[in-house]
Amino acid sequence: AKKTGMNMDPPEKVARVILGAVLSGAKEVYIGRPERFFVFLNKFFPSIIDKALRKNISIMAEYIT
């Protein structure tokens, strides 16, 4: 998170949201307002998201095994 400047949700919150989605039968779940906005942008303006992700590709590559 420090390298990308992004905030991370606490694992307990993520687990609660995922459990709630599983129990309710939700097919998709987005945790937090920024994530919902990201999904909206990607749906209507995918090139903006592609450009933003390309900026961080070297950082992401460190975590891909």
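A brief look at the structure comes next. Only a predicted model underlies this, so the values are computations on that prediction, with no experimental measurement involved. (Residues numbered from 1 in each chain as written. Predicted model: local features only at pLDDT ≥ 70, side-chain atom pairs only at ≥ 80, totals over all residues. Heavy atoms only, no water.)

Thoughts on the packing of aromatic side chains
The geometry of an aromatic ring pair is captured by two quantities: the separation of the ring centres and the angle between the planes.
Working step 1: Counting across every chain of the model gives two aromatic pairs.
Working step 2: For the ring pair Phe37 and Phe40, a centre distance of 6.4 Å and an interplane angle of 20° mean the geometry is stacked. With Phe37 and Phe40 both in helix H2 (residues 33–44) and three residues apart, the pair spans about one turn of that helix.
Working step 3: In this structure Phe40 comes out as partly exposed when scored by relative accessible area, which is 42%.
Working step 4: Ring geometry for Phe40 against Phe44: centres 5.0 Å apart, planes inclined by 55°, an arrangement best described as tilted. Of the two residues, Phe40 and Phe44 both sit in helix H2, four residues apart, roughly one turn of that helix.
Working step 5: The structure contains a cluster of three or more aromatic residues connected by ring pairs, namely Phe37, Phe40 and Phe44. (Phe/Tyr/Trp six-rings, centres within 6.5 Å; stacked < 30°, edge-to-face > 60°. Helix = DSSP H or I, 4+ residues; strand = E, 2+ residues; numbered from the N terminus. Buried < 20%, exposed > 50% of the residue type's maximum accessible area, 1.4 Å probe, protein only.)

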